[in-house]
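Architecture at a glance
The chain contents come next:
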Amino acid sequence: MMKGCKFTMLKGIHVSIALLTLGFVTIMLWPRENNPFLTAFFLAQHRFRHPSSDVLVNAPNISRSSGGHTEEVNKPILKKEAPMIGEQHNPSSSTKSVTSFTSDVEDSGEEELSAQNADCNYAKGRWVADSRRPLYSGAGCKQWLSGMWACRLTQRTDFSFEGYRWQPKKCKMKEFNRFSFLRRMRNKTIAFVGDSLGRQQFQSMMCMVSGGEEMPEVEDAAREYGLVKPRGAKRPDGWVYRFPSTNTTILYYWSASLSDLVPFNSSDKNSNVAMHLDRPPAFLRRYLHCFDVLVLNTGHHWNRGKLELNRWVMHVNGKPNENKEFEDIGKAKNFTVHSFVRWLDSQLMSHPRLKAFFRTISPRHYRNGDWNTGGTCNNTIPLSRGSEVLQDESNDKVIESAVKGTKVKILDITAISELRDEAHMSSYSIRPTQGINDCLHWCLPGVPDTWNEILIAQI
């Protein structure tokens, strides 16, 4: 009896083991996407390997306007981010952090994406609401951002303009990551040369790369480029900063016309200035070999009032201009831009690592007058002018024609910026002036951040 009972028990054990084995094999063969056991296992494994960052984002309220585009109608977007992967605290100092960088796996993905987008027209696409914007704090990026362009420090109360990103129509732009970008720009120099809109793009880049954070370890390298503020001047002719962790240098040089400016009498501050239309600035001729990425712009200083105010006297072939066609300032600008691009294109053969971009003109949005005649840009509703750009050609015909057939690339931002009239400084300022609106410069963070994202995608 005991023998039979023992046999029955062993038989039951064998059956149980067989059933368990069959069940385990069935679970393992079950497709992963429909398998709750494996899904839970891999989810737990993912959380263990990648601890979640405590990111708190207030998602925007999205509504449909009468034009059919999406609008963000909420008030300020507030974002609190935990330290990003790659940032480590230095126990030897309680006030200074050290940034370390991970492997280049992400960079290879960016190279593949860049290859896929080789023929992309980044100026063709649409603006979309994105609750992850802005890329930095307009109230916090005080080390790099001029107070006059930080709308968060002004009387403005509506910041919905901060919550949009540009989506090209038939290609992708990788989400900007400052650590990845610095790795890509290791031992490289990025130079912005142009007018105050170029300075805005430069300050935008500094805020993006720093995350809007104070970075006392960043070095001021202006003296290496001779950029020291002259006595009595309001500001220097440019700024140069170097991120020591990757030896990445970002600079800006003021050249509103991209022509060589030489005072008639350098000892007289009221002297007239020779404006050599067919000669690039001496700064570029001297330092071009130092740059890996060059971003140029010009446009808004090409008017009779600016030339007279600056005492610029046009010169061609080393002597005062005699071409009456250039009494039309637009033709003088066209001549200068084409001359400059021809010179730059001729230099690229001997500077093979240099990638040169000419940014198209940033649009003005004055209505019912100009800056000094009561013109305004009071709209605060995003994308009320539309959200899409579908054309293939640029709205800036001068730049488009100048770079055609050359190795200088176009950074086309005109049409996409035309749609963002709500994102200007407008009447807001730290010290507002009655009746004066700035419908030329942009609030930061804002539209110039997108210019830089498109630039980075094209590099």
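Bear in mind the structure is a predicted one, so any value in this text is a computation, not a measurement.

Looking at the confidence of the model for the protein chain
Chain-level pLDDT for the protein chain is 82 on average; 75% of the residues reach the 70-or-more range. Here residues 1–13 is modelled with pLDDT under 50, and outside its nearest four sequence neighbours on either side it reaches zero contacts, counting other chains as well. Overall, residues 31–105 carries pLDDT values under 50, and its contacts beyond four positions in sequence, including any with other chains, amount to 102 contacts.

Description of helix H5 (residues 196–210)
The end-to-end C-alpha distance of H5 is 21 Å, a good match for the 21 Å that 15 residues give at a rise of 1.5 Å each. The buried count for H5 comes to 15 of 15 residues, which makes it a mostly enclosed element. Where H5 starts, the residue carrying a side-chain oxygen 2.9 Å from the main-chain nitrogen of Leu197 turns out to be Asp195. With its phi angle positive at about 70°, Gly211 sits one or two positions after the end of H5.

Notes on empty space enclosed by the protein
The tally for this structure, following the rule as stated, stands at two cavities of 30 Å³ or more. Estimates place the volume of the second largest cavity at around 100 Å³. Contributing to the lining of the second largest cavity are 14 residues, with Arg133, Glu162, Tyr164, Gly446 and Asp449 lying nearest its centre. Broken down by element, the lining of the second largest cavity gets its largest block of residues, four residues, from helix H11 (residues 447–458). Looking at side-chain class alone, the lining of the second largest cavity contains seven nonpolar, two polar and five charged residues.

Things to note about the sheet that holds strand E7 (residues 125–129)
In spatial order, the strands read E8-E7-E19; together these three strands make up an open sheet with antiparallel pairing. Strand pairing shows two members of the sheet lacking a second neighbour, strand E8 (164–168) and strand E19 (388–389), which therefore form its edges. Note that E7 and E19 share two bridges and pair antiparallel. Directly across from Arg126, in E19, lies its bridge partner Glu388.

Let's talk about the sheet that holds strand E13 (residues 260–263)
Ordered by their spatial adjacency, four strands build an open sheet running E13-E14-E16-E17, and the pairing between neighbours is mixed. Looking at which strands have only one partner, the edges of the open sheet turn out to be E13 and strand E17 (319–320). With four bridges connecting them, strand E14 (residues 273–276) and strand E16 (residues 312–316) associate as parallel partners. Bridge pairing in E16 links His276 to His315.

What to know about the state of the cysteines
Counted according to the given criterion, the structure contains four disulfides. The partner cysteine of Cys120 in its disulfide is Cys171, sulfur to sulfur 1.7 Å. On the criterion of sequence distance, the pair formed by Cys120 in the loop between helix H3 (105–116) and E7 and Cys171 in the loop between E8 and helix H4 (178–184) is long-range, its members being 51 residues apart. One disulfide in the model links Cys377 with Cys439; its S-S distance is 2.1 Å. The chirality of the disulfide connecting Cys377 with Cys439 is left-handed, given an S-S dihedral of about -95°. In this pair, Cys377 is assigned in the loop between strand E18 (355–359) and E19 and Cys439 in strand E22 (residues 438–442), connecting sequence segments 62 residues apart. Judged on exposure class, the residue Cys377 and its partner Cys439 are both buried. Each bonded cysteine of the protein chain gets a number by its place in the sequence, and the pairs then read 1-4, 2-5, 3-8, 6-7.

Some words on the environment of Met215
Positionally, Met215 belongs in the loop between H5 and strand E10 (219–220). Owing to a relative accessible area of 8%, Met215 belongs among the buried residues under this scheme. Along the primary structure Met215 and Trp144 are separated by 71 residues, whereas in three dimensions their C-alpha atoms are 9.9 Å apart. With residues near it in sequence (within four places) discarded, Met215 still touches Gln143, Trp144, Ser210 and Phe243.

Conventions adopted
- Residues numbered from 1 in each chain as written.
- Predicted model: local features only at pLDDT ≥ 70, side-chain atom pairs only at ≥ 80, totals over all residues.
- Heavy atoms only, no water.
- pLDDT = per-residue confidence, 0-100.
- Contact = heavy atoms within 4.5 Å.
- Helix = DSSP H or I, 4+ residues; strand = E, 2+ residues; numbered from the N terminus.
- Expected span 1.5 Å × (residues − 1).
- Buried < 20%, exposed > 50% of the residue type's maximum accessible area, 1.4 Å probe, protein only.
- Polar contact = N/O pair within 3.5 Å; in protein donor to acceptor, adjacent residues only side chain to side chain.
- 1 Å grid on protein atoms, 1.4 Å probe; cavity = no way out; pocket = protein on both sides within 12 Å on 5 of 7 lines; lining within 4 Å.
- Points joined across faces, edges and corners; volume = space filled by probe spheres on them.
- Nonpolar A, V, L, I, M, F, W, Y, C, P; charged D, E, K, R; others polar.
- Pairing = 2+ DSSP bridges.
- Disulfide = S-S within 2.5 Å.

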